[in-house]
Structures are given as structure tokens and as C-alpha cells.
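This is what each chain is made of:
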Amino acid sequence: KLLYALGNLLKKFKKCVRFLLPIAIGLVIGLLVGFIAVQNLMELVPFAVVGLFAGLMFGSFPAVSREIRGEKVTPWRGALFALGLALPIAIAAVSALCFSEEGGPVQLQVYHYILFIVLGAAVAVTQLVPGLSASALLMAAGYFSYLLNSVHFSYWAENPLIFAVYACLAVGFIGGLIGFSRVLSGLLSRCRAPSFFAICGLSLGSAASMFFNSELYAVYQSWASGGVAWVDLVLGIALFAAGLAFAYKFSRCAMSK
């Protein structure tokens, strides 16, 4: 329904807007509330926050994997799954080695703005492909904390160019949302099974990448130098289990309808 509404927004404007408007309102509310809550919690218990996100992603995987249940596993489909699995993990590994603990580059160059347009389009893809997470993508790319910490009046006053970053993300997001919705609709209609093998790999790889990226690498480094933050670790394990159980139950209820 989401792909149809985005792909036919101009042709059937009123019908599609009626469907998309509540989702857009929820998206804005979720972003505002989420930024405030996550921004504070990431400073206190970063591993716990990531544990919750990862648990929700792993718990929702059955809703994605059911699309390939009973499908024949061919070398081509297996390769698509492996590629999808490896891609987010590789991006996360590179970000962990190439970015600072602050989660972003020290000074923005012209190519960074181009990168943010691409990143905005990639975030749009996570909203269309089942099992993917924008948070996981931003963490894997090393820009989660950078963008999260930028949402503050004092930061805006000191770094007005951040609004150019927001604009690039918005342009990429809108373009990716409209453009990729048509691409994904075509892929699912013409080669549904191979597409979902790749999607399943991406889903698992994205969930796994939550535990190894520049955001968590900084946490692990602080634990190695100053001792393990046991409250954060234990809470993270508990929230991972809670998120896993909740998302799995939610997925089962959705699949039964």
C-alpha cells in the first residue's frame, strides 16, 4: 500500500494523500519525540539504546523471512542473500575505522554535501524495504551521533551550515522515496523471490551492524580504558531481549491477520 501510494501520488493525489498523511504526521511526531529521548539516553546508556534497536530488528525478521519460505535456494539467490548480509556489515566496519568518536567528520567539505544527498536517499530506502532501519544505516555510516547531536539551538547558532546538511538529506530523502518506490514495485512484481532473498540478507546484516560501528566502537573503547559500564551492559541485554520478544510477538500478530 505504501509503495502504491508513493508511486501513484500524482496520478491519484487525493486517495494517496489520505493514506500517506497519517503516516507523515506519525513520522514527524516520532522524529521529534525520538530525537529528544534518544539524544539524552545515548549520552547515559548508549549500549542499552542500541540493544533495544537491535532487538526490535532481530525480532521483526520473521515477518521478512516468511516471504522466502518454501522458495528454492539457488546459487543466484544465495549470492543475493550473502551480498545483502555483507553490505551493511562492511559499511559499519569501514565507518568504525574511518570516523572519529564524535560520529562524523571534523570539517565538512563539498563532497560531504553530495554524500548527505546520497545518505538521505538511502534513508528513504530503509523506509520502503521491510526489515531495514534508518538508525542502523546512520550508525553503520557513522553519522548517527553527528546528526543527533546537531539538533540543538546552541549547535544551530554556532554551525548554521548544518541547515544545508538538513536540506541535502531532505532532497535525497524525498527523491529516494518517490524514485525507489517505483523501482521496488517493479522488482517485487517481476522477481519477487530473488528480491526478498537480498532483502532478508540486508535485514540481518543491518541488525548485526548495530553492534559494530563507529558509535559502538567508541563505547567499547571507553570500556577497555575505563572499565565496563555494567549498568549499561546489563540494561542493554535486557532491552535487547524485550525488544526481540515484543517485535516477534507483534510480527506474529500482524502475520495472523
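Look up: the structure comes first, before these words.
A brief look at the structure comes next. (Residues numbered from 1 in each chain as written. Predicted model: local features only at pLDDT ≥ 70, side-chain atom pairs only at ≥ 80, totals over all residues. Heavy atoms only, no water.)

### Considering the overall build of the protein
How we decide: Helix and strand definitions here come from DSSP, where helices need a minimum of 4 consecutive H or I residues and strands a minimum of 2 consecutive E residues; each element is numbered from the N-terminal end. Only protein chains enter the accessibility calculation, which uses a 1.4 Å probe; a residue whose area is less than 20% of its type maximum is buried, one above 50% is exposed, and one in between is partly exposed. Here, residues are in contact when the closest pair of their heavy atoms is within 4.5 Å. Residue-level accessible areas treat just the shown protein chains as cover; the underlying method is Shrake-Rupley with a 1.4 Å probe. The positive count covers Lys and Arg only, the negative count covers Asp and Glu only, and His and the chain ends enter neither. Throughout, a charge is located at the NZ atom of Lys, the CZ atom of Arg, the CG atom of Asp or the CD atom of Glu.
Per the secondary structure count, the protein includes 13 helices and 0 strands. Listed by position from the N terminus, the elements making up the protein come as α-α-α-α-α-α-α-α-α-α-α-α-α. In terms of principal-axis extent, the alpha carbons of the protein reach across some 50 × 40 × 35 Å. Scored against the burial criterion, the 257 residues of the protein give a buried share of 40%. Long-range pairs, those at least 24 residues apart, make up 79% of the contacts in the protein between residues at least 6 apart in sequence. Approximately 14300 Å² of the protein is accessible, and the part contributed by carbon and sulfur atoms is 73%. Charge centroids of the protein, computed over 16 positive and 8 negative side chains, lie 30 Å from each other.

### Comments concerning the packing of helix α6 (residues 110-128) against helix α7 (residues 134-141)
The condition that has to hold: Axes here mean lines fitted to C-alpha atoms, for a helix over just the part in contact, with angles spanning 0 to 180 degrees between N-to-C directions. Should the near helix be turned anticlockwise from the far one by less than a right angle, the crossing is termed left-handed; should it be turned clockwise, right-handed. Residue type decides the class: Asp, Glu, Lys and Arg count as charged, Ala, Val, Leu, Ile, Met, Phe, Trp, Tyr, Cys and Pro as nonpolar, and the leftover types, Gly among them, as polar.
Look at α6 against α7: their axes get within 9 Å of each other, and the N-to-C directions meet at 145 degrees. Note that α6 runs across α7; the crossing there is right-handed. Of α7, the residues touching α6 (which contributes Leu-119, Ala-122, Val-123, Thr-126 and Gln-127) are Ala-134, Leu-137, Leu-138 and Ala-141. Split by residue class, the contact of α6 with α7 holds 7 nonpolar, 2 polar and no charged.

### What about the pattern of salt bridges?
Under the convention used in this document: Put simply, a salt bridge is a Lys or Arg side-chain nitrogen that is within 4 Å of an Asp or Glu carboxyl oxygen.
Tallied over the full model, the rule gives 3 salt bridges. For Arg-192, the salt bridge identified is with Glu-67, shortest N-O distance 2.8 Å. Of this pair, Arg-192 sits in helix α11 (residues 192-209) while Glu-67 sits in the loop between α4 (61-65) and α5 (75-98), and the two are 125 residues apart along the sequence. Its relative accessible area of 24% is what places Glu-67 among the partly exposed residues. The salt bridge involving Glu-71 is made with Arg-77; its shortest N-O contact spans 3.5 Å. When its relative accessible area of 16% is taken as the criterion, Arg-77 is described as buried. Among the charged side chains, a salt-bridge network with shared partners connects Arg-66, Glu-67 and Arg-192.

What is shown is where atoms sit, not what they do.
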